Amino acid sequence: LLEGRSSLLVSLYDRRFKTAEEFISHCPAFCNAISAAPAVIIALRKTGRRADANAVLATAEREVDKLESAGDRDFNTEVSGARLATLAGNPKEANRRLRDAIQRGWKGQDTGFPDPATDPAFTSLKGNAEFQAILRLLHSAQRLEAEKLSRIDTRGI
């Protein structure tokens, strides 16, 4: 099933884009392309297209760097950077980015990504002790937020 989905995603990518740069620049918005890049990278790798996957990865990493150099501190950019760092084989950078996002208030909101515990982009970090500590930090922050929200009286709204 997963290979079928990868093949479909790669087929859609091939029909729409000729290069990794075109993928990044022609998606509706840079953050959309950066957010979608990990799925495309994983799919390209699963179908044996490592060079294409590496091109998308490098292009998306450059875009994240460009956005951050321009002052972008959006959670989407930082978590996307963490996802890309993981796929680039840089767990230290991925963990740093995730921890930073959580310390700045990210609790899984505003990005549209799955929980890092289930996000395929973070699969290689599953056995990483620091990543597990970061997940505990995130899930603790989520529980505290849920508790606060549950105490809000919404009657009459």
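Details of the structure are given in the entry above.
Being a predicted model, the structure only gives us computed values, none of them experimental. (Residues numbered from 1 in each chain as written. Predicted model: local features only at pLDDT ≥ 70, side-chain atom pairs only at ≥ 80, totals over all residues. Heavy atoms only, no water.)

Caption draft 1: Structural detail: the side chain of aspartate 119. With respect to the secondary-structure elements, aspartate 119 resides in the loop between α6 (91-103) and α7 (129-150). Polar side-chain contacts of aspartate 119 include one of 2.9 Å to the backbone nitrogen of alanine 121. Not counting the four nearest positions on each side in its chain, aspartate 119 is found in contact with Arg83, Phe113 and Pro114. (Helix = DSSP H or I, 4+ residues; strand = E, 2+ residues; numbered from the N terminus. Polar contact = N/O pair within 3.5 Å; in protein donor to acceptor, adjacent residues only side chain to side chain. Contact = heavy atoms within 4.5 Å.)

Caption draft 2: Quick look at α7. Between its first and last C-alpha atoms α7 spans 31 Å; for 22 residues at 1.5 Å apiece the expected length is 32 Å, and the two agree. Next to the buried residues of α7 lie α6. For α7, the capping residue at the N-terminal end is asparagine 128, with a side-chain oxygen 3.0 Å from the backbone nitrogen of glutamate 130. (Expected span 1.5 Å × (residues − 1).)

Caption draft 3: A look at α6. Here α6 contains 13 residues, and its C-alpha end-to-end distance of 18 Å stays within 8% of the 18 Å for a straight helix at 1.5 Å per residue. Inspection of α6 places Ala94, Asn95, Arg97, Leu98, Ala101 and Ile102 among the buried residues, and these make up the whole buried set. Burial along α6 is one-sided: seen end-on, the buried residues are contained in an arc of 165 degrees. Of the residues in α6, the exposed ones pointing more than 90 degrees away from the buried face are Lys92 and Gln103. Contacts from the buried residues of α6 go to α4 (50-69), α5 (75-87) and α7. Of the residues flanking the end of α6, it is glycine 105, one or two places downstream, whose phi is positive at about 115 degrees. (Buried < 20%, exposed > 50% of the residue type's maximum accessible area, 1.4 Å probe, protein only. Arc of directions from axis to C-beta.)

Caption draft 4: Expanded view of the side chain of glutamate 78. Its place among the elements puts glutamate 78 in helix α5. The residues contacting glutamate 78, other than those within four sequence positions of it, are Glu68, Arg97, Asp100, Ala101 and Arg104.

Caption draft 5: Structural context of the environment of alanine 133. With respect to the helices and strands, alanine 133 occurs in helix α7. Separated by 38 residues in sequence, alanine 133 and asparagine 95 place their C-alpha atoms 9.7 Å apart.

Caption draft 6: Local environment of the packing of α6 against α7. Where α6 meets α7, the axes come as close as 10 Å, and the angle between the chain directions of the two elements is 15 degrees. By the angle class used here, α6 and α7 are roughly parallel. Where α6 crosses over α7, the two elements pack in a sense that is left-handed. On the side of α6, the interface is formed by Asn95, Leu98, Arg99 and Ile102, while α7 contributes Glu130, Phe131, Ala133, Ile134, Leu137 and Leu138. Residue composition of the contact of α6 with α7, grouped by class: seven nonpolar, one polar and two charged. (Axes fitted to C-alpha atoms, helices over the stretch in contact; angles between N-to-C directions. Parallel < 35°, antiparallel > 145°, perpendicular 65-115°, else oblique. Left-handed = near helix turned anticlockwise from the far one by under 90°. Nonpolar A, V, L, I, M, F, W, Y, C, P; charged D, E, K, R; others polar.)

Caption draft 7: Spatial organisation of the packing of aromatic side chains. The tally for this structure, following the rule as stated, stands at one aromatic pair. Across from the ring centre of phenylalanine 113, 4.3 Å away, lies the NZ or CZ of arginine 83, which sits over that ring. (Phe/Tyr/Trp six-rings, centres within 6.5 Å; stacked < 30°, edge-to-face > 60°. Lys NZ or Arg CZ within 6 Å of the ring centre and 35° of its normal.)

Caption draft 8: Representation of the nonpolar core. If you look at the biggest cluster of nonpolar residues, it comprises 22 residues, and the most contacted ones within it are Tyr13, Phe23, Ala37, Ile41, Leu44, Val56 and Leu84. By residue number, the principal contributor to this core is helix α3 (residues 30-46), which donates eight residues. Residues contacting tyrosine 13, with those up to four places away along its chain left out, are Thr19, Ala20, Phe23, Val40, Leu44, Arg49 and Val56. The next biggest cluster of nonpolar side chains, apart from the first, holds 16 residues, and it includes Phe75, Val79, Ile102 and Leu125. (Core = buried A, V, L, I, M, F, W, Y, C linked by side-chain atoms within 4.5 Å.)

Caption draft 9: Up close: the pattern of salt bridges. Inspection of the entire model under this criterion finds 11 salt bridges. The partner of aspartate 100 in a salt bridge is arginine 104, with the nearest N and O atoms 3.4 Å apart. On the basis of relative accessible area, arginine 104 is assigned to the partly exposed category, the value being 30%. (Salt bridge = Lys/Arg side-chain N within 4 Å of Asp/Glu carboxyl O.)

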